[in-house]
Amino acid sequence: MLEDLTDAERKALAQCRHAVLGADHPLRLDCGVDLGPYRVAYQTYGALNAARSNAVLICHALTGDQFVAEQHPVTGKEGWWESMVGPGRVLDPARYFIICANVLGGCMGTTGPLARDPATGHPWNLRFPVVTIADMVRAQAALLDHLGIADLFCVIGGSMGGMQVLEWAASYPGRVFAAVPIACSARHSAQNIAFHEVGRQAIMADPAWQGGDYRLHGTAPERGLAVARMNAHITYLSQAALQRKFGRNLQDRSALGFGFDADFQVESYLRHQVSTFVDRFDANSYLYITRAMDYFDLADAHGGVLASAFKGTQTRFCSISFTSDWLFPTPENRAIVHALNAAAANVSFVEIESDKGHDAFLLDEPEMFRTLSGFLQGAASARGLS
Amino acid sequence: MSVAAPIRVDLQLIADMVEPGGRALDVGCGDGALLAYLVNFKRVDARGMELSQAGVNACVANGLSVIQGDADADLRDYPDDAFDYVILSQTLQATREPREVLRQMLRVGKHAIVSFPNFGHWQVRLRLAFGGRMPETPSLPYKWYDTPNIHLCSIDDFRALCRDMGVRVERAIVLDRNSRPINLPPFVANLLGEQAVFMLKRE
């Protein structure tokens with residue numbers, strides 16, 4: 001299965017582990033397709049204890065990947081959650097066995113549209129089946145089976161990672177001791193679907209996209225992907241943070257240029273943000289993963305009542321939102337908490353004051369770290385973890 | 001820990017009413033002192049609800065299960081009989097709809113434990129009757145224009161509401177200025193008690 005990899009995938013797989021799963025028992029996807037064999041690329045930090053009780057699964061967001069706390073093999077940048085994971089941090093590898101797997105449909109080594117259809121031998125591209133958040137979680141559960149891990153001490157993630165956390169708690173309640181959904185929602189809102197659609201249209205409008213078969217044509221829809229990323233990036237920030245950071249400051253000039261160069265710092269910032277992104281991310285993967293988020297509606301899968309998704313749960317939950325997050329605003333997180341209350345679940349909920357928008361969950365937010373250390377400490381003593 | 005950390009006397013009284021090993025919800029749990037006591041010393045599966053975000057964050061950072069919410073809006077999410085005890089300490093008088101809050105507490109919990117300042121206390125009566133001013137006492141230390149207490153009641157008022165709602169009073173403890181229980185017949189209690197703690201049950 002390692003033939004025909006992109007440069008990014010090759011570099012990724014050289015720096016992490018992977019498992020080929022589903023050869024005997026294919027993954028039955030929500031769309032009805034049986035997928036198998038498929039590859040899951042994952043990274044681990046720390047060691048599993050003798051009781052196998054200290055495993056923590058980190059679920060990454062839309063454009064995240066398994067390189068949580070190390071230099072990224074493609075971009076050379078630091079890991080996306082180094083503030084959370086590392087020695088002396090909230091998730092300390094000295095204490096926990098930390099796992100993060102690239103999601104199904106991803107482009108950092110896990111099977112997605114870049115892979116070849118085993119039935120035809122041709123690249124999947126847009127013929128790859130549409131996957132859902134539940135499918136991603138099924139693949140992660142299969143990985144845990146493969147690793148011999150019966151249950152997780154904690155599943156944690158923000159944004160799309162938080163959706164996976166909720167799906168984990170609903171689909172595998174017996175395998176999740178503690179769940180931390182951060183800055184997320186139990187169903188993707190109309191506004192968020194709309195933003196995703198703009199991103200997808202930008203990719204598909206790029207002539208280099210070639211109906212999804214760009215690798216066959218030796219092209220790459222980088223401009224479309226860049227626009228999609230710019231558009232999305234704005235939704236991860238906040239009006240206040242953008243104003244504080246950039247205001248109307250001009251970039252490398254003292255007067256307006258009366259043209260369409262990046263006159264303003266904020267324009268230059270957006271252009272810079274996407275320059276490395278297009279090197280590490282695949283445009284078709286972007287289509288598939290945004291679609292998975294759009295399709296997410298946990299209540300719908302449980303008779304329209306979100307509380308039913310958590311009926312009888314013994315999992316301890318800690319939900320976190322941020323005041324300036326307008327992508328997954330506090331009321332959407334609170335709706336999860338209300339449903340958990342209705343299921344009489346053990347739940348904590350904290351809204352953290354921050355002007356950094358949705359991205360706050362990735363940044364240095366001491367209040368979030370304090371909250372999570374307290375929550376995990378309480379959960380660890382309940383679990384008998386030293 | 002083997003020695004119980006001291007908590008406020010009125011909270012200790014409430015804690016003493018809670019049987020070990022049960023489930024409790026502390027509505028308006030503040031900094032989590034009572035919750036921590038119930039968890040650590042009575043093995044209670046205790047949860048909290050608190051209006052102030054700073055209070056919630058402090059509680060969760062201490063490993064307590066607390067959500068941001070308030071008695072008026074957020075009790076209705078919980079299913080019937082979710083808890084053995086629902087506790088409302090010194091907060092009933094600050095709710096918008098005390099009667100509905102009590103009803104919800106008794107729906108969600110098998111028992112409700114409620115403490116409140118007694119507006120029938122003689123100092124309150126004197127200040128209003130002869131001073132002609134809104135009462136300010138150690139239990140009610142607010143000016144009329146900045147008080148959070150919008151539904152004050154006397155001990156007798158509260159008993160009347162319980163009768164009206166068909167709620168059984170399992171225990172009623174009247175406290176003096178130092179939050180120590182005093183044993184008094186009901187008509188004197190309403191005059192001399194500064195605070196009261198009631199344990200209630202649905203009939």
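Residues numbered from 1 in each chain as written. Chains lettered and ligands numbered in written order. Predicted model: local features only at pLDDT ≥ 70, side-chain atom pairs only at ≥ 80, totals over all residues.

## What about the overall build of chain A?
Along its length, chain A carries 12 helices and 10 strands. For the C-alpha atoms alone, the extent of chain A along its principal axes is close to 65 × 50 × 40 Å. Counting all 386 residues of chain A, 51% fall into the buried class. Long-range pairs, those at least 24 residues apart, make up 71% of the contacts in chain A between residues at least 6 apart in sequence. (Helix = DSSP H or I, 4+ residues; strand = E, 2+ residues; numbered from the N terminus. Buried ≥ 20, exposed ≤ 12 C-beta atoms within 10 Å, placed from the backbone. Contact = placed C-beta atoms within 7 Å.)

## Here we look at the overall build of chain B
Scanning chain B for helices and strands turns up eight helices and eight strands. Relative to the globule expectation of 17 Å for 203 residues, the C-alpha radius of gyration of chain B, 17 Å, shows essentially globular dimensions. Counting all 203 residues of chain B, 46% fall into the buried class. For chain B, contacts bridging at least 24 residues in sequence account for 62% of all contacts bridging at least 6. (Rg over C-alpha atoms; globule rule 2.2 N^0.38 Å.)

## Comments concerning unusual backbone geometry
A cis amide bond links Gly36 of chain A to the next residue, Pro37 of chain A, at an omega of -5°. Of note, the phi angle at Phe258 of chain A is positive, near 50°, even though the residue is not glycine. Looking at the element boundaries, Phe258 of chain A is found in the loop between helix H7 (239–245) and helix H8 (265–280). If you check the backbone angles, Gln90 of chain B has positive phi at about 55° while not being a glycine. Within the secondary structure, Gln90 of chain B is located in the loop between strand S4 (83–89) and helix H5 (98–108). The class of Gln90 of chain B is partly exposed, set by 19 C-beta atoms lying within 10 Å.

## Comments concerning the sheet that holds S4 of chain B
Residue and element names in this part refer to chain B. If you walk across this open sheet you meet the eight strands as S3-S2-S1-S4-S5-S8-S6-S7, and the pairing is mixed. Bordering the open sheet on either side are strand S3 (65–68) and strand S7 (181–182), each of which pairs with just one other strand. Where strand S1 (residues 23–27) meets strand S2 (residues 45–50), five bridges bridge the pair, whose relative direction is parallel. Bridge pairing in S2 links Val27 to Met49. Each of S4, strand S5 (109–117), strand S6 (167–175), S7 and strand S8 (195–202) is contacted by helix H1 (residues 9–17), which is oriented at about 20° to S8, the strand it contacts most. Against the sheet, helix H2 (residues 33–42) contacts S1, S2 and S4, and its axis sits at roughly 170° relative to S2. (Pairing = 2+ DSSP bridges. Axes fitted to C-alpha atoms, helices over the stretch in contact; angles between N-to-C directions.)

## A word on helix H6 (residues 222–236) of chain A
Residue and element names in this part refer to chain A. For H6, built from 15 residues, the straight-helix expectation of 21 Å at 1.5 Å per residue is met to within 8% by its first-to-last C-alpha distance of 21 Å. Among all positions in H6, only Glu222, Gly224, Leu225, Ala226, Val227, Ala228, Arg229, Ala232, Thr235 and Tyr236 are buried. Of the surrounding elements, those touching the buried residues of H6 are helix H4 (190–205), H8 and helix H9 (283–295). (Expected span 1.5 Å × (residues − 1).)

## Considerations on the interface of chain A and chain B
Contact residues are listed per partner, giving 19 residues for chain A and 16 residues for chain B. Sorting the residues of the side of chain A that touches chain B by element identifies helix H11 (330–342), strand S10 (346–352) and helix H12 (366–383) of chain A as the ones contributing at least two each. Each residue belonging to the side of chain A that touches chain B can be placed in one class, and the counts come to eight nonpolar, eight polar and three charged. (Nonpolar A, V, L, I, M, F, W, Y, C, P; charged D, E, K, R; others polar.)

## Considering helix H3 (residues 53–61) of chain B
Residues of H3 of chain B that are buried: Val56, Asn57, Ala58, Cys59, Val60 and Ala61 of chain B. Of the residues flanking the end of H3 of chain B, it is Gly63 of chain B, one or two places downstream, whose phi is positive at about 85°.

## Some points on the domain arrangement of chain A
All names here are of chain A. If you check the domain split of chain A, you get domain 1 (7–188 + 297–383) and domain 2 (193–290). Measuring from the centre of the C-alpha atoms in domain 1 to the corresponding centre in domain 2 gives 25 Å. Across the boundary between the two partners, domain 1 contributes 27 residues, which contact 22 residues of domain 2. The residue inventory of the side of domain 1 that touches domain 2, partitioned by class, reads 14 nonpolar, 10 polar and three charged. (Domains from an automatic or database assignment.)

## Re the environment of Arg280 of chain A
Residues and elements named next belong to chain A. Tracing the chain through its elements places Arg280 in helix H8. In this structure, the C-alpha to C-alpha distance between Arg280 and Asp325, residues 45 residues apart in sequence, is 26 Å. Residues contacting Arg280, with those up to four places away along its chain left out, are Ala8, Val74 and Thr75.

## What about the confidence of the model for chain B?
A low pLDDT score tells you not to read the predicted coordinates there in detail. Of the residues in chain B, 98% have a pLDDT of 70 or more, and the chain-wide mean is 93. In the model output, the complex is listed with pTM 0.93 alongside ipTM 0.86. (pLDDT = per-residue confidence, 0-100.)

## So, the pairing of strand S9 (residues 316–322) of chain A
Residues and elements named next belong to chain A. Most of S9 sits out of view: seven of its seven residues are buried. With seven bridges connecting them, S9 and S10 associate as parallel partners. Along S10, the bridge assignment pairs Cys318 with Ser348. For the handedness criterion, the β-α-β arrangement of S9, H11 and S10 is classed as right-handed. (Right-handed = clockwise from strand over helix to strand, strands pointing away.)

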